[in-house]
Structures are given as C-alpha cells and as structure tokens.
Amino acid sequence: MRTIAIANQKGGCGKTTTTVNIASALAFTGKKVLVVDFDPQAHATMGFGVDPETLGKTVYDSFTNTNVPISSVVLQTKVSGLSLAPSNILLSGLEFELAIRFSREFALKQLLNSVNDKYDMCIIDCSPSLSLLTLNALVASDEVIIPVQTQYYAIEGLKQLLETIAIVKQRFNPSLKILGILLTFVETRTTLSKQVQQQMRQFFGAMVFDTVIHRTVRLAEAPSAGLPILLYAPTSKGSDEYRALAAEITIATA
C-alpha cells in the first residue's frame, strides 16, 4: 500500500479538499483507496457526507482500544473503491494519550500495517499543525504532498514544514520523500497569484506539481454537498484538475 500524507501546518491551504478529491480521482482510475481522516476537525469525514457526531467508532477508537482494529471503523464512501477511516473531535485527545506511549511516533504506522494488503493507496488528511498527530502521519507515509495557497508568504510558511520533514527522515522514516508541492486557490487574473506561482517554481523547481488547483465556485460548493468534486460536478474545471493531479501521482514512482 502506497501511503501519502497531505500536510501543511498552515490552515486554509486546501489540505482536506486535496485529500478528498485526489483520493476520489485515484479511485476513479480503478485503485482501491483508503482515506484516513487524521484531523480532529473531521473535515474529510464531512467531505464524504458523513456526520462525525453520529459515528459509533472512529480512528480514535482504534488507537485506544486493541479490540477495535482500523478495519472495523472503515466506511465505504459513495465513490466505488474508496473507503474512509473517519474521525471526530475525540481525536483531539489522542495527543495526550500518545505522549506517554512507547514508540508513540509509530502508532499510526502500526495500525495501517494491518490493512496494508487491502488497498493500493492510503491518503492521510493531516491536522493544520506540526503536532504528534502530524508526526505520526509522516512516519507512516511513503510520501507527502504539500498544498500551498498562492499567497505572499507561501514560501516562508513552507520552511518549518520542510525542516520537520527533514527531521522525520533523519530520525524515524528515512524513506519519506516529498512527492510534490501543490499550488491551490490559484487565481488566473490576479498578478499576485501569478507572481507567487513563478516564485514557487523558481525556488522549488521540479518539486512543484505541473497541475495547479484553481479557485472555483463548484470546488467550494462540493463539501457542503458531502461529495467529492468528481461526483458533484464531474465536468467542472476542479474535476479535470484533480484528475490531472492523479495522473501525475500515478506516474511518479512510489
């Protein structure tokens, strides 16, 4: 199972939108995909039309109860071949429980090992912080995608995350690599957006995906409908862009 974390400690950069839609686009290509919602805000869970408050079991229970394997909390989504390990606000308490656990950084990796042969891909939606939860996600992953909003401070905001990834590689997961930096909320008509895109490509070169995700109404509406863009508006620009991103990811070697 190829595992990819979607991470950035900065909120509002499109992590969950990318998680939901890239997982869906990969499933549309015929891959068996698992999404792990590893954010207490549970936005990825809601993005698939699931109410976090009604869940009897979530990924939190798999960490705190040895009788609840992660396979038992997984839900089938409306996308064929795409499953979801949901979360809710209880996950926010996991930080404290993991803090006293031996090999705490490897807790998520150990959970995912039990379903390693059931899926082709696993996409992890990380919380918007450099927390123990995010550290677990990076340790459990083969690769990381970093969504970055095309804003003035975009490059500066990446430095801390890149430093964290370097530490994770050195201490916990030597095989972790950055699959790519994804430019999000791109606005074709604004000079600032164009300048930031240019700066990001000059500074990070081939690390930046060729595909960019534009700010569109349909993409903004899809979460409120509890659907990925490929189901909500399959012929939209957002749908086309996430399909193109899935193609880039598929081509890249794991």
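Residues numbered from 1 in each chain as written. Predicted model: local features only at pLDDT ≥ 70, side-chain atom pairs only at ≥ 80, totals over all residues. Heavy atoms only, no water.

Enquirer: I'm lost on the overall build of the protein chain in this one. Help?
Expert: Along the protein chain, the regular secondary structure elements total 11 helices and seven strands. In terms of C-alpha radius of gyration, the protein chain reaches 17 Å, essentially the compact-globule figure of 18 Å for 254 residues. Once the C-alpha set of the protein chain is aligned to its principal axes, its extents read approximately 55 × 40 × 30 Å. A buried classification covers 54% of the 254 residues belonging to the protein chain. Long-range pairs, those at least 24 residues apart, make up 77% of the contacts in the protein chain between residues at least 6 apart in sequence. Just so you have it, the protein chain exposes about 11,400 Å², and 53% of that area is on carbon and sulfur atoms. One way to put it: in the protein chain the 22 positive side-chain charges average out to a point 4 Å from where the 21 negative ones average out. (Helix = DSSP H or I, 4+ residues; strand = E, 2+ residues; numbered from the N terminus. Rg over C-alpha atoms; globule rule 2.2 N^0.38 Å. Buried < 20%, exposed > 50% of the residue type's maximum accessible area, 1.4 Å probe, protein only. Contact = heavy atoms within 4.5 Å. Areas by Shrake-Rupley, 256 points an atom, 1.4 Å probe, with all protein chains shown as cover. Lys, Arg positive; Asp, Glu negative; His and termini not counted. Charge placed at Lys NZ, Arg CZ, Asp CG, Glu CD.)

Enquirer: In this structure, what is going on with the nonpolar core? I would like to understand it.
Expert: Of all hydrophobic cores here, the largest spans 50 residues; its most connected members are Leu 34, Val 36, Phe 38, Phe 63, Leu 112, Ile 124 and Met 200. When residues of this core are assigned to their parent elements, the largest contribution, seven residues, is made by helix 6 (residues 132-140). Excluding residues within four positions of it along the chain, Leu 112 makes contact with Met 1, Thr 3, Leu 34, Val 36, Ile 70, Cys 122, Ile 124 and Ala 140. (Core = buried A, V, L, I, M, F, W, Y, C linked by side-chain atoms within 4.5 Å.)

Enquirer: What am I meant to see in the pairing of strand 4 (residues 82-85) here?
Expert: Residues of strand 4 alternate between two faces, with Leu 82 and Leu 84 on one and Ser 83 and Ala 85 on the opposite face, all of them buried. When strand 2 (residues 33-38) meets strand 4, the two strands line up parallel, connected through four bridges. Bridging across to strand 4, Val 35 finds its partner in Leu 84. What sits between strand 3 (residues 75-76) and strand 4 in their antiparallel hairpin is a turn of five residues, with Gly 81 showing a positive phi close to 85 degrees. (Pairing = 2+ DSSP bridges.)

Enquirer: Please clarify how helix 8 (residues 191-204) should be interpreted in this entry.
Expert: Helical geometry: 3.6 residues make up each α-helical turn, so side chains three or four residues apart lie on a common side. Helix length check: helix 8 (14 residues) gives 20 Å between terminal C-alpha atoms against 20 Å at 1.5 Å per residue, within 8%. Buried residues of helix 8: Ser 193, Val 196, Gln 197, Met 200 and Phe 204, and no others. Mapping the buried residues of helix 8 onto a view down its axis gives an arc of 100 degrees, with all of them on the same face. Exposed and oriented more than 90 degrees from the buried face of helix 8 are Thr 191 and Gln 202. Note on helix 8: the residue one or two positions beyond its end, Gly 205, has a positive phi of about 55 degrees. (Expected span 1.5 Å × (residues − 1). Arc of directions from axis to C-beta.)

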